Amino acid sequence: MKDELILLDCWASSYGMRVKIALAEKGLEYECREENFQEKSSLLLESNPIHKAIPVLVHNGKPICESLNIVRYIDEGWPNKSPLLPSDPYEKSQSLFWADYIDKKIYSIGKRVWRGKGEDHEIAKKEFIECLKMLEGELGNKSYFGGENVGFVDVALVPFTSWFYTYETRGNFSIEAECPKLVSWANRCIRDRESVAKALPHPQEIYGYALNLLRNDSK
Ligand SMILES: N[C@@H](CCC(=O)N[C@@H](CS)C(=O)NCC(=O)O)C(=O)O
């Protein structure tokens, strides 16, 4: 029987992009359903009653929630192609550590950069660059966080690079000037991995989306 995979998504969500990259890396076909946050579908509310958030992957009728959990599920469920998490327990623990670091820092600090104002805005900008530098240090001289190939940490982080233009424009700083190796890595992922190029929207589209949210903030 062919697997039925339905992704509940929002096109601008970095979390949703993670799942799209993982599905593409494994060569899996799926149906993508765009959610409207003002009127969430009953499938979303039933599938993720705790957080009521996307992404949710519904696999043969069974929901899996939380993006990193979904990426791991895909990786373990389809192990024969493009392994994302290392099999060595120590290496795996390191990948999970960095993915967790990204989850705890990038979205929340990044939001204070593009959406925030005043004194906290300046603090957030500094914190954001510090985090990116930390990640750049972990990347070191490797092609990808996963080494020679895209791995779990790459999948966790690269979607946020589609928001870099928005962070930079709203924060009035250059990520490339601060973290050139990280920006080269992001460009490499987009250039060399079709899975990434197809999952990431154009940075200008993300900026338009963010401006729309900002307009609603000020209403
Ligand atoms: N930790 C979650 C975060 C998911 C999340 O924040 N999703 C947002 C979109 S980016 C959402 O669905 N928000 C619903 C809402 O705003 O009502 C994950 O990794 O999947």
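These figures come from a predicted structure and were not determined experimentally.

Peer 1: An account of the domain arrangement of the chain is requested, with residue identities and associated values reported.
Peer 2: According to the domain assignment, the chain contains domain 1 (5–77) and domain 2 (89–218). Each of domain 1 and domain 2 was reduced to a C-alpha centroid, and the two centroids are 21 Å apart. Of the roughly 1,700 Å² buried where domain 1 meets domain 2, counting both sides, 69% is carbon and sulfur surface. Among the residues of domain 1 in contact with domain 2, Trp11, Arg18 and Ile21 are the three that bury the most area, contributing 32% of the side total. Between domain 1 and domain 2 we count two salt bridges in total. Between Glu25 and Arg193 there is a salt bridge, with its nearest N and O atoms 3.0 Å apart. For the interface between domain 1 and domain 2, the tally reads five residue pairs in polar contact (both at pLDDT 80 or more). Where the side of domain 1 that touches domain 2 is concerned, the elements lending two or more residues are helix 1 (14–25) and helix 3 (67–77). Here the element with the most residues in the side of domain 1 that touches domain 2 is helix 1; it accounts for eight residues. A breakdown of the residues in the side of domain 1 that touches domain 2 according to their chemical character gives nine nonpolar, one polar and four charged.

Peer 1: Before we move on, can you summarise the pairing of strand 1 (residues 5–9) with the specific residues and values?
Peer 2: Of all the five residues making up strand 1, five are buried; the element is thus mostly covered by neighbouring parts of the structure. The two faces of strand 1 match: Leu5, Leu7 and Asp9 on one face and Ile6 and Leu8 on the other face are all buried. Looking at chain direction, strand 1 and strand 3 (residues 56–59) are connected through four bridges and run antiparallel. Each residue of the ladder has a partner; that of Leu8, found in strand 3, is Val56. The pairing of strand 1 with strand 2 (residues 31–34) spans four bridges and is parallel.

Peer 1: An account of the site of the ligand is needed here, citing residue identities and associated values.
Peer 2: In the vicinity of the ligand, the contacting residues are Ser13, Tyr15, Phe37, Lys40, Ala53, Ile54, Pro55, Glu66 and Ser67. A distance of 2.8 Å is found between a nitrogen atom of the ligand and a side-chain nitrogen or oxygen belonging to Glu66. Contact distances for the ligand include 2.6 Å between an oxygen atom and a side-chain N or O atom of Ser67. Of the residues contributing to the shell around the ligand, the split by class is five nonpolar, two polar and two charged.

Peer 1: Outline the side chain of Lys20, supporting the account with residue identities and numerical values.
Peer 2: Inspection of the secondary structure puts Lys20 in helix 1. Given the relative accessible area of 13%, Lys20 is considered buried. Excluding its chain neighbours within four sequence positions, the residues that come into contact with Lys20 are Leu7, Asp9, Trp11, Tyr30, Cys32 and Ala199.

Conventions we followed
- Residues numbered from 1 in each chain as written.
- Predicted model: local features only at pLDDT ≥ 70, side-chain atom pairs only at ≥ 80, totals over all residues.
- Heavy atoms only, no water.
- Domains from an automatic or database assignment.
- Buried area = accessible area lost by both parts, 1.4 Å probe.
- Salt bridge = Lys/Arg side-chain N within 4 Å of Asp/Glu carboxyl O.
- Polar contact = N/O pair within 3.5 Å; in protein donor to acceptor, adjacent residues only side chain to side chain.
- Helix = DSSP H or I, 4+ residues; strand = E, 2+ residues; numbered from the N terminus.
- Nonpolar A, V, L, I, M, F, W, Y, C, P; charged D, E, K, R; others polar.
- Buried < 20%, exposed > 50% of the residue type's maximum accessible area, 1.4 Å probe, protein only.
- Pairing = 2+ DSSP bridges.
- Near = heavy atom within 4 Å.
- Contact = heavy atoms within 4.5 Å.

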